[in-house]
Structure formats: C-alpha cells, structure tokens
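Summary of the model geometry
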Amino acid sequence: HNGKHITFIDTPGHELFTNLRARGAKLTNIVIIVIAADDGLKPQTIESINHAKDAWVPIIIAITKIDKGTNKVEQIKADIGIYGLIPEERWGTVPIIPVSSVTGQWIPELLDQILFQSELLDLTYNPERNAVGVVIDAHKDTKQWVLTSLIVLTGTLKVWDIVVVHNTYGKIRKMIDGLGHAIRVAKWWDPVMILGINTIPEPGRVIEV
C-alpha cells in the first residue's frame, strides 16, 4: 500500500492456532481486532483483545460488514470501552475503522492507519545477521515432507541455512514465498514456507539459523 510492504497474519480460532493466538500478539507489531457490525463482541473477540493488551502493542479495531442494513457500530464502540479500548473519537487511542469487503469502502483508510502506526513504532531491521523468525503453521504433505510456514522477524534467511526450532532442526532445501514462487532469500517480515525441518514444529515457536 503506497509502496510499503504489509504482512498480515490471520489467527483463526481452530485448534492448530491455540498456541499461536496465545503468543501471536507478541510476534506482531500492530494488532487488528476484526468485529462484524451485525454480530458485535464475541467471546473470541474478548480473548483476542486481552492477548493484544498483554503484549503492549498498538490496536486497531476494524468493524466489518458495514454494508449490511442493520449494524451495531455504536454499540461496539461502547462495548470495547469496557475492556479498556477507548476510541480516538472519544478521546482515546484506539482507531476505529468501519470497512466493507463487499464494496471496498474504507479499506484504503485501514491500510493508511496501519502504515501510520508502523511509522510511530520506528521499526528497525538488521539484514546482515542470521535470520530469526516465528513458526505460523506446519504440516506434512502427501510425500510426508514437513512444510513449515514462518515469518522472518530479522536477518536474512537463505536456502541451505541450518535452522533450529525448539526441539527439532533441519536444513532448508526449498523456500516458497506468499505467492507460491520458489525463492532463495527471505528478508524482514517476509512470509515463507520452507521444506527441510525434520519433525513438525509448534506454531508460535521461534526458528533461528
């Protein structure tokens, strides 16, 4: 967006992501809490808010489905205040962006807000060091090879690097980017899938060269 690279990590509620959700807010720079305008706050929404607050990272509220006839936008703004998130329009620090995936309304404004928050964080990166990342997902394919999805947090990750993840390790034999293309080098906040770790690592674990 506007020439800047943004990596989104989606953490749905199924079992695979239990560990990632508990640690997920710690591996992100900014948390976007997505709330449906016709549903309001759900238990999993409150859980996500608590994870994000515990990690002390900026929070943006994205209210989706505003194209529907009935919505609870004002009620949502009041409800999040119960959990310590005060909207900017009520003299708080939390941006509230209503969006529609159907019409695309306010999506550019949401992306603008993400870039604005990232500039305030003044993020830095060292491309010269060995890579460190976080495991997002892992599984075995039909040939029983372990495929591991990860985000590179710092450093430069390369094919043939030897990596360690908690209680397993391996040599990177192949690396694929978010568009499915084979690559040989991954850098800051690149999402990649690698082949070469011996056993399936847990989501949320640190991976390092």
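What counts and how
- Residues numbered from 1 in each chain as written.
- Predicted model: local features only at pLDDT ≥ 70, side-chain atom pairs only at ≥ 80, totals over all residues.
- Heavy atoms only, no water.
- Core = buried A, V, L, I, M, F, W, Y, C linked by side-chain atoms within 4.5 Å.
- Buried < 20%, exposed > 50% of the residue type's maximum accessible area, 1.4 Å probe, protein only.
- Helix = DSSP H or I, 4+ residues; strand = E, 2+ residues; numbered from the N terminus.
- Contact = heavy atoms within 4.5 Å.
- Pairing = 2+ DSSP bridges.
- Axes fitted to C-alpha atoms, helices over the stretch in contact; angles between N-to-C directions.
- Expected span 1.5 Å × (residues − 1).
- Arc of directions from axis to C-beta.

By size, the foremost hydrophobic cluster in this structure holds 19 residues, and its most contacted members are I33, I35, I61, I63, I80 and L85. If you list the elements that add at least two residues to this core, you get strand 1 (31–36), helix 2 (43–55), strand 2 (59–64) and helix 3 (73–82). Among all residues touching I61, those that are not within four sequence positions of it are I33, I35, I80, L85, V94, P95, I96 and I97. Among the nonpolar cores identified, the runner-up in size contains 15 residues, and V165, A186, I194 and I207 belong to it.

Attention now moves to the sheet that holds strand 3 (residues 96–98). Overall, parallel pairing links the three strands, which are arranged 1-2-3 in an open sheet. Of all the strands in the sheet, just strand 1 and strand 3 have a single pairing partner and so form its edges. Here the average twist between neighbouring strands, direction ignored, is 25°. Where strand 2 and strand 3 come together, three bridges link them in parallel fashion. Its bridge partner lying in strand 3, A62 is registered against I97. The sheet contacts of helix 4 (residues 107–121) involve strand 1, strand 2 and strand 3, and relative to strand 2 the element is tilted by about 175°.

A few words on helix 2. Its 13 residues give helix 2 an end-to-end C-alpha distance of 19 Å, which sits within 8% of 18 Å, the value for a rise of 1.5 Å per residue. Of the residues making up helix 2, those classed as buried are T45, I49, A52 and A55. Around the axis of helix 2, the buried residues are gathered within 130° of arc, so they sit on the same side. Opposite the buried face of helix 2, by more than 90 degrees, sit the exposed residues P43 and D54.

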